[in-house]
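# Examination of the molecular architecture
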Amino acid sequence: MLEVKDLHKSFGKEEVLRGVDFTLEKGEVLSVLGQSGSGKTTLLKILAGLETADSGEILLDDQSLKGMAPNLRGIVYLYQEPLLFPHLNVSDNIAFGLRLRKVPSAEVHRKTGEMLEHLGIADQAEKMPHQLSGGQKQRVSFGRALIINPRILLLDEPFGNLDAEIRALMQDLYLRMAATFHITSMFITHDLREALRVGTRMAMMREGKLQVYRSQAAFVQDPATGAADEISFWQNLGNYLPTKTS
Amino acid sequence: MKKHPFFGVVVATAILSPLMLLGIFSIGKGWPFPKIFPENWSLQNWSDAFTASSGLGQSLGLSLGIGACVAFLATISGFFSARSLAKSSRKNTWLMLAYLPYVLSPVMYAACLQVSFLFLGISGKITGVMLGHFLLAYPFAVILFTGFWNARMEAMAQLAATLGANPVSSYLKVLFPVAKGVLFVCFFQTFLLSWFEYGLTVLIGVGKVPTLTVKVYQYVTEANIHLAALAGCLLVLPPTLMLWINKRYLFTRITL
């Protein structure tokens, strides 16, 4: 379980995080919404060890992460861009974390093969990153993170660069993978529909504070999230469209 | 697009003819005006070049040694310095300072360094010339690598870290392989900077460090046309060889 207590972070005079508190249970997917510059990315980077908090505490399975290097945390941070290593083919990209952990080569081969099957890109194993489409790159990026069985997966708008059709396919894939690998994750997105679809719990980042909702219903009912307005818009879409004339 | 082989031939001739002329001069003996070709042909100059008396072989070795050391040190230190520079809040100030040796011109730069080198006791020594070349090549390497260390590359390094790479394995498994092309280009360019450096070498070496470039100028001022041509040929060979080895990185776009 991840516990975050009273996390503060400032860049110069700008206070980005103002006492962030929340917990994340094993297997949960916490969807985080919020405006640009509200501190979502900073929060994720602090959890991954890529930034340091000014104050506050982070406990992962009752172990403090203070001062722990990113490579020892078991928390993988995925960017909006897949950032595949350009000198490695698909198979070697996915096997990257296993090779770092000096997993025997036969096991690396077996696990990579299984992951490629899960991702539906077994036929792309030998391709180089520049030969893949955006969706395929994102699949490889997922596989590379999941194969090392991370304690927490942090996703920073992972589908932000994809078109609507591929984005929907990737959401399906993510839900399938989350169920198969029992992923504990935080998922940042600007897309309300995506947040509701992939998250088991919802949170809203506002002015440096994270408000976590008990349930999706509680999130929708809060007028500050804008979710109710959006749902109402789609329900009454007919009213906005021009009427047909015979 | 239609190709024009004629222009290709003209360009190739323009590039190769001076080199061919150097080759002819280096193996010719006696070339009175208005004869088109030398009266005699001999490889004597080439065989003499590597005897102890001419010192050309020694100069070749010295230039290769200085060039390789300077290129290696400048490339490695430039690579790491540029990463720090990319994160610095005073990036632009540092980058502007990196252009200083080229704004001043290498000779003026050497004149400024000479006082310190005299004080350190390395003026007129190989170490002094090497340090002088390094101080010229290092800012160049830093400028070259600032383009490599962008936000995307930092994100890639951070991603590798969260996947389990410690700082050393991050460099060995990701950053060096990704930077391979630009590292080769930097090594090549800084080697050339050192290899062809004349003014700074003469000033700091005070004539006691006879690199190949210094020898060429020496033969030219002595009007020793055949030895100057021979030394010129030796001067051109290593960069040409490196150009051929590096052509893959120099003339292809690096795809990330």
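Residues numbered from 1 in each chain as written. Chains lettered and ligands numbered in written order. Predicted model: local features only at pLDDT ≥ 70, side-chain atom pairs only at ≥ 80, totals over all residues.

### Structural notes on the overall build of chain A
Regarding its fold elements, chain A presents 10 helices and 10 strands. Computed over the C-alpha atoms, the radius of gyration of chain A is 20 Å, within 12% of the 18 Å expected from 2.2 N^0.38 for a compact globule of 246 residues. Taken along its principal axes, the extent of the C-alpha atoms in chain A is 60 × 60 × 30 Å. Considering chain A as a whole, with its 246 residues, one finds that 43% of them fall into the buried category. Pairs at least 24 apart in sequence give 67% of the contacts found in chain A among residues at least 6 apart. (Helix = DSSP H or I, 4+ residues; strand = E, 2+ residues; numbered from the N terminus. Rg over C-alpha atoms; globule rule 2.2 N^0.38 Å. Buried ≥ 20, exposed ≤ 12 C-beta atoms within 10 Å, placed from the backbone. Contact = placed C-beta atoms within 7 Å.)

### Re the overall build of chain B
Helices and strands together make up the secondary structure of chain B, namely 12 helices and 2 strands. Starting at the N terminus, the α and β elements of chain B follow one another as α-β-β-α-α-α-α-α-α-α-α-α-α-α. Considered along the principal axes of its C-alpha atoms, chain B spans approximately 70 × 60 × 30 Å. The proportion of buried residues among the 256 residues of chain B is 35%.

### Structural notes on the packing of helix α3 (residues 56-87) of chain B against helix α7 (residues 126-146) of chain B
Residues and elements named next belong to chain B. Two numbers describe how α3 lies on α7: the axes approach to 7 Å, and their chain directions differ by 40 degrees. Between α3 and α7, the angle is such that the two are oblique. The element α3 and its partner α7 pack so that their crossing is right-handed. (Axes fitted to C-alpha atoms, helices over the stretch in contact; angles between N-to-C directions. Parallel < 35°, antiparallel > 145°, perpendicular 65-115°, else oblique. Left-handed = near helix turned anticlockwise from the far one by under 90°.)

### Quick word on the confidence of the model for chain B
On average, residues of chain B carry a pLDDT of 87, and 96% of them reach 70 or more. In the predicted assembly, ipTM is 0.88 and pTM is 0.83. (pLDDT = per-residue confidence, 0-100.)

### Structural notes on the sheet that holds strand β10 (residues 209-212) of chain A
Residues and elements named next belong to chain A. Read across the open sheet, the 6 strands follow the order β6-β7-β8-β3-β9-β10; overall the sheet is mixed. The two strands at the open ends of the sheet, each matched to only one other strand, are β6 (75-78) and β10. On average, each strand axis in the sheet is tilted by 20 degrees relative to the strand beside it, whichever way the strands run. Of the strand pairs in this sheet, strand β9 (residues 201-206) and β10 are connected by 4 bridges, and their pairing is antiparallel. Bridging across to β10, Met 205 finds its partner in Leu 210. (Pairing = 2+ DSSP bridges.)

### Regarding the sheet that holds strand β2 (residues 14-24) of chain A
Residue and element names in this part refer to chain A. Reading across from one edge, β2-β1-β4-β5 is the order of the 4 strands in this open sheet, with antiparallel pairing throughout. Pairing within the sheet leaves two strands with one partner each, and these edge strands are β2 and β5 (63-64). Looking at chain direction, strand β1 (residues 2-11) and strand β4 (residues 55-60) are connected through 5 bridges and run antiparallel. Residue pairing in the sheet places Leu 2 in a bridge with Leu 60 of β4. Strands β1, β2 and β4 of the sheet are contacted by helix α1 (residues 40-48), whose axis makes an angle of about 60 degrees with β2.

### So, the environment of B:Asn246
All names here are of chain B. Mapped onto the elements of the fold, Asn 246 is located in helix α12 (residues 225-250). With 12 residues separating them along the chain, Asn 246 and Leu 234 place their C-alpha atoms 19 Å apart. Not counting residues within four places of it along the chain, the set of residues in contact with Asn 246 comprises Phe 184, Val 185 and Phe 188.

### Some thoughts on the interface of chain B and chain A
In this assembly, 16 residues from chain B lie in contact with 19 residues from chain A. Elements supplying a minimum of two residues to the side of chain B that touches chain A: α8 (151-162) and α9 (167-195) of chain B. A per-element tally of the side of chain B that touches chain A places α8(B) first, with 6 residues. The class makeup of the residues in the side of chain B that touches chain A is 10 nonpolar, 6 polar and no charged. (Nonpolar A, V, L, I, M, F, W, Y, C, P; charged D, E, K, R; others polar.)

### Quick word on the pairing of β1(A)
Residue and element names in this part refer to chain A. Summarising the sheet, β1 and β2 pair through 8 bridges and their orientation is antiparallel. Bridging across to β2, Phe 11 finds its partner in Glu 14. Once β1 ends, the chain turns through 2 residues before running back antiparallel as β2, passing Gly 12 with a positive phi of about 65 degrees.

### Some words on the environment of B:Gly132
Residue and element names in this part refer to chain B. In this structure, Gly 132 sits in helix α7. Judged by the 28 C-beta atoms lying within 10 Å of it, Gly 132 is buried. Remark: the alpha-carbon pair of Gly 132 and Phe 187, spanning 55 residues in sequence, is separated by 17 Å. Excluding anything up to four places from it in sequence, Gly 132 contacts Ala 110, Leu 113, Leu 200 and Ile 204.

### Examining the packing of helix α3 (residues 90-100) of chain A against helix α4 (residues 105-119) of chain A
All names here are of chain A. Their axes nearest at 10 Å, the elements α3 and α4 cross at an angle of 130 degrees. As the angle between them shows, α3 and α4 are arranged oblique. When the axes of α3 and α4 are compared, the crossing they make is right-handed. Judged by residue contacts, Ser 91, Ile 94, Ala 95, Leu 98 and Arg 99 of α3 engage Val 108, Lys 111, Thr 112, Met 115 and Leu 116 from α4. Looking at side-chain class alone, the contact of α3 with α4 contains 6 nonpolar, 2 polar and 2 charged residues.

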